[in-house]
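# Commentary on secondary and tertiary structure
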Amino acid sequence: MPSLEQLDAPLGFAGWAIIATYQLVSNRYTAAWSSQNAEARAVWTRYILEKGDYILGVQTLRNGLTSASFFSSACFTTLSLLIGLASRKTLSALELVKYGSTSLMLVAAALAYLQSVRYMNTVAFLFQVANDQRDEGTSRGTVMLLMVLSHHMYMYMWTAGERMLYLRVPSVAWLVGGGPAMLAVSLAILPVLYFKDLPAP
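Along each chain, the written sequence defines residue order, and numbers are assigned to residues from 1. Given that the model is predicted, a residue must reach a pLDDT of at least 70 before its local features are reported, and side-chain atom pairs must reach 80 or more before they are shown or counted; all residues, however, enter totals for whole chains, interfaces and linings. The side-chain figures draw on all heavy atoms in the structure; neither hydrogens nor water molecules are used.

Our focus in this paragraph is the packing of aromatic side chains. Each aromatic ring pair is summarised here by two numbers: the centre-to-centre distance and the angle between the ring planes. Aromatic rings from Phe, Tyr and Trp, with only the six-membered ring used for Trp, were paired whenever their centres fell within 6.5 Å, and each pair was classed as stacked if the ring planes differed by under 30 degrees, edge-to-face if by over 60, and tilted otherwise. Scanning all chains against the criterion turns up 4 aromatic pairs. On the basis of an interplanar angle of 70° and a centroid distance of 5.4 Å, the ring pair of Phe13 and Trp174 is categorised as edge-to-face. On the criterion of sequence distance, the pair formed by Phe13 in helix α1 (residues 4-29) and Trp174 in helix α5 (residues 140-197) is long-range, its members being 161 residues apart. According to the relative accessible area criterion, Trp174 is buried, its value standing at 0%. Geometrically, the ring pair formed by Phe71 and Tyr113 is stacked, given 5.3 Å between the ring centres and 25° between the ring planes. Of the two residues, Phe71 is situated in helix α3 (residues 54-86) and Tyr113 in helix α4 (residues 93-130); the sequence distance between them amounts to 42 residues. Residue class for Tyr113 comes out buried when judged on its relative accessible area of 1%. In this description a helix means any DSSP run of H or I spanning at least four residues, a strand means any run of E spanning at least two, and both kinds are numbered starting from the N terminus. Partly exposed describes any residue whose relative accessible area lies between the buried limit of under 20% and the exposed limit of over 50%, with all areas from a 1.4 Å probe on protein chains only and scaled to the type maximum.

Quick look at the structure:
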């Protein structure tokens, strides 16, 4: 009977295979939900521009900016601690894969959140442009389209960063508990990812 050390790598990669399979399958069913969310963002943008409720718009963007900045900083801080921990010992090839996968999730999440901050700043800038009537060459419809696209990309990058944080859980489980823990956590997190992917009521 193989030992836990011998099962470490096979069970760990099996866990990643399960998550990758779920991701491929879920992408087929979330396209309609994503279009519904995009329509909702367009309605939100049109409401802000037509009603002139810029306080609501600024508060929404401020909350998003604060959260994204916090998560990005937390990811980089955790990454620095992880690198410091890994540098204190000699790593085997499998340990390099474990530390590398966890570090990759942290970097991807941090960059995604930083990119969402960039798009939120673009939306905030377009708030002012939408009501500036001095440039007759730029219509409010064009500005609204740019705001919707920027807001859509902001939500896309935010969701990507959030998903990387969720996927970091089985990665850390593999790093700490080995392949059996990785496989168990991968199976346990599938319902969480499923309900996260469901459209908002």
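From this point, the narrative continues.
The patches reported here contain residues having more than 30% relative accessible area and no salt bridge. Joining distances are 9 Å for like charges and 5 Å for nonpolar side chains (Val, Leu, Ile, Met, Phe, Trp, Tyr). Note that accessible areas follow from Shrake-Rupley with a 1.4 Å probe, and for residues the cover is restricted to the protein chains shown. The term salt bridge refers to a side-chain nitrogen of Lys or Arg lying within 4 Å of a carboxyl oxygen of Asp or Glu. A surface patch of nonpolar side chains, amounting to about 320 Å² of accessible area, comprises Phe76, Val107, Leu111 and Leu114. A total of 3 residues in the nonpolar patch trace back to one element, the largest contributor, which is α4. Here Leu114 lies in helix α4. For Leu114, a relative accessible area of 40% puts it in the partly exposed group.

Quick look at α3 now. An expected span of 1.5 Å times one less than the residue number is assigned to each helix. Here α3 contains 33 residues, and its C-alpha end-to-end distance of 47 Å stays within 8% of the 48 Å for a straight helix at 1.5 Å per residue. Of the positions making up α3, those classed as buried are Gly57, Leu61, Gly64, Ala68, Ser72, Cys75, Leu79, Leu82 and Ala86.

With that settled, the discussion passes to the nonpolar core. Definition used in this section: a nonpolar core is a set of buried Ala, Val, Leu, Ile, Met, Phe, Trp, Tyr and Cys residues joined via side-chain atoms within 4.5 Å. Of all hydrophobic cores here, the largest spans 20 residues; its most connected members are Ala68, Cys75 and Met120. Within the residue set of this core, elements represented by two or more residues are α3, α4 and α5. The element contributing the most residues to this core is α4, with 10 residues. In what follows, residue pairs with any heavy atoms lying within 4.5 Å of each other are defined as contacts. Look past the residues within four positions of Met120 in its chain and what remains in contact with it is Leu61, Gly64, Leu65, Ala68 and Tyr154. Membership of the second largest hydrophobic core comes to 9 residues, among which are Trp16, Met105, Trp174 and Ile189.

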